[in-house]
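# Observations on the three-dimensional arrangement
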Amino acid sequence: FHLEAVPKGATILVLRTEHLAEDWNAAEKVVSGRENILGEDQAIFPHNNVNSNSDEKAKHLSDESRVLVCEKLCNEIQVYKKILSSAINLNEKQMKQSL
């Protein structure tokens, strides 16, 4: 049902938060032809996207909880995969990094 949210033949650009500067530059190249608009050091965006305040134990899901989460998010996960695979600014390696 959610896969219908991605129109057939749509041009899709993806900005992944974990690779924001890289994806922003790739999207800009597709749109305007300009490369590395964020500069050589790409210091505009923070490169450390880790929350150091969270407890590792709080991130653990039991096997039962993991199954429930996957069942409830199944449609969203399929849409996410379709969007990643349809993005014109990501290569296959970049797509696989985010799966």
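Our structure is the block above this text.
Residue numbers restart at each chain and count upward from 1, following the sequence in its written direction. Confidence filtering applies because this is a predicted model: local features only for residues at pLDDT of at least 70, side-chain atom pairs given and counted only at 80 or more, and all residues used for totals across whole chains, interfaces and linings. Side-chain numbers come from the whole structure's heavy atoms, not from hydrogens or water.

### Quick word on the side chain of Asp 23
- Secondary structure elements are taken from DSSP: a helix is a run of H or I of four residues or more, a strand is a run of E of two residues or more, and numbering for both begins at the N terminus. Considering the arrangement of structural elements, one finds Asp 23 in helix α1 (residues 20–32).
- Relative accessible area serves as the criterion here: at 0%, Asp 23 is assigned to the buried category.
- Definition of a polar contact: a pair of N or O atoms within 3.5 Å, with one able to donate and the other able to accept a hydrogen when the atoms are protein atoms, and with sequence-neighbouring residues admitted only if both atoms are side-chain atoms. Among the polar contacts made by the side chain of Asp 23, one reaches the side chain of Arg 16 at a distance of 2.7 Å.
- In this description, contact between two residues means that some pair of their heavy atoms is separated by no more than 4.5 Å. Those residues within four positions of Asp 23 in sequence are excluded, and the remaining contacts are Val 14, Leu 15, Arg 16, Asn 89 and Leu 90. Relative accessibility decides the category of a residue: with a 1.4 Å probe and only protein chains considered, values under 20% of the type maximum give buried, values over 50% give exposed, and everything between is partly exposed.

### Regarding the nonpolar core
- We call a set of buried residues a nonpolar core when its members are Ala, Val, Leu, Ile, Met, Phe, Trp, Tyr or Cys and they connect through side-chain atoms within 4.5 Å of each other. In terms of nonpolar packing, the biggest core is built from 8 residues, these being Val 6, Ile 12, Val 14, Val 79, Leu 84, Ala 87, Leu 90 and Met 95.
- The contact partners of Leu 84, leaving out residues within four places of it in the chain, are Val 14, Arg 16, Leu 90, Met 95, Ser 98 and Leu 99.

### A closer look at α1
- Here α1 spans 18 Å end to end across 13 residues, near enough to the 18 Å set by a 1.5 Å rise per residue.
- When we look at burial in α1, the residues that qualify are Ala 21, Asp 23, Asn 25, Ala 27 and Glu 28.
- Count one or two residues on from α1 and you reach Gly 33, which has phi positive near 85°. Between the first and last residue of a helix there are one fewer steps than residues, each counted as 1.5 Å, and that sum is the expected span.

### Some points on the pattern of salt bridges
- A side-chain nitrogen of Lys or Arg and a carboxyl oxygen of Asp or Glu constitute a salt bridge if their distance falls within 4 Å. Under the defined criterion, the tally for this structure stands at 3 salt bridges.
- For Arg 16, the salt bridge is made with Asp 23, and the minimal N-O distance between the two is 2.7 Å.
- Residue Arg 66 pairs with Asp 63 through a salt bridge whose shortest N-O separation is 3.3 Å. Residue Arg 66 and its partner Asp 63 are both found in helix α2 (residues 63–86); the two are separated by 3 residues, about one turn of the helix.
- When its relative accessible area of 38% is taken as the criterion, Arg 66 is described as partly exposed.

### Some remarks on the environment of Val 79
- In this structure, Val 79 sits in helix α2.
- Residues Val 79 and Glu 4 lie 75 residues apart in sequence; the distance between their C-alpha atoms is 8.8 Å.

### Digging into the side chain of Ser 98
- Summarising the element assignment, Ser 98 is placed in the segment after α3 (92–97).
- Those residues within four positions of Ser 98 in sequence are excluded, and the remaining contacts are Arg 16, Glu 18, His 19, Tyr 80 and Leu 84.

### A closer look at the state of the cysteines
- For the purposes of this analysis, a disulfide is any pair of cysteine sulfur atoms at a distance within 2.5 Å. On inspection of all chains with the given rule, the structure shows 0 disulfides.
- Here Cys 70 is not disulfide-linked; the sulfur of Cys 74 is the nearest cysteine sulfur, at 8.5 Å.
- With a relative accessible area of 37%, Cys 74 lands in the partly exposed category.

### A closer look at a nonpolar patch on the surface
- Each patch is built from residues that are more than 30% exposed by relative accessible area and take part in no salt bridge. Like charges join if they lie within 9 Å; nonpolar side chains (Val, Leu, Ile, Met, Phe, Trp, Tyr) join within 5 Å. All accessibility values rest on the Shrake-Rupley procedure with a 1.4 Å probe; residue burial counts only the protein chains present in the view. Residues Leu 13, Val 30, Val 31 and Ile 88 make up a contiguous nonpolar surface patch of about 340 Å² in total accessible area.
- Locating Val 31 in the fold gives a position in helix α1.

Treat this as a map of the structure, not an account of what it does.
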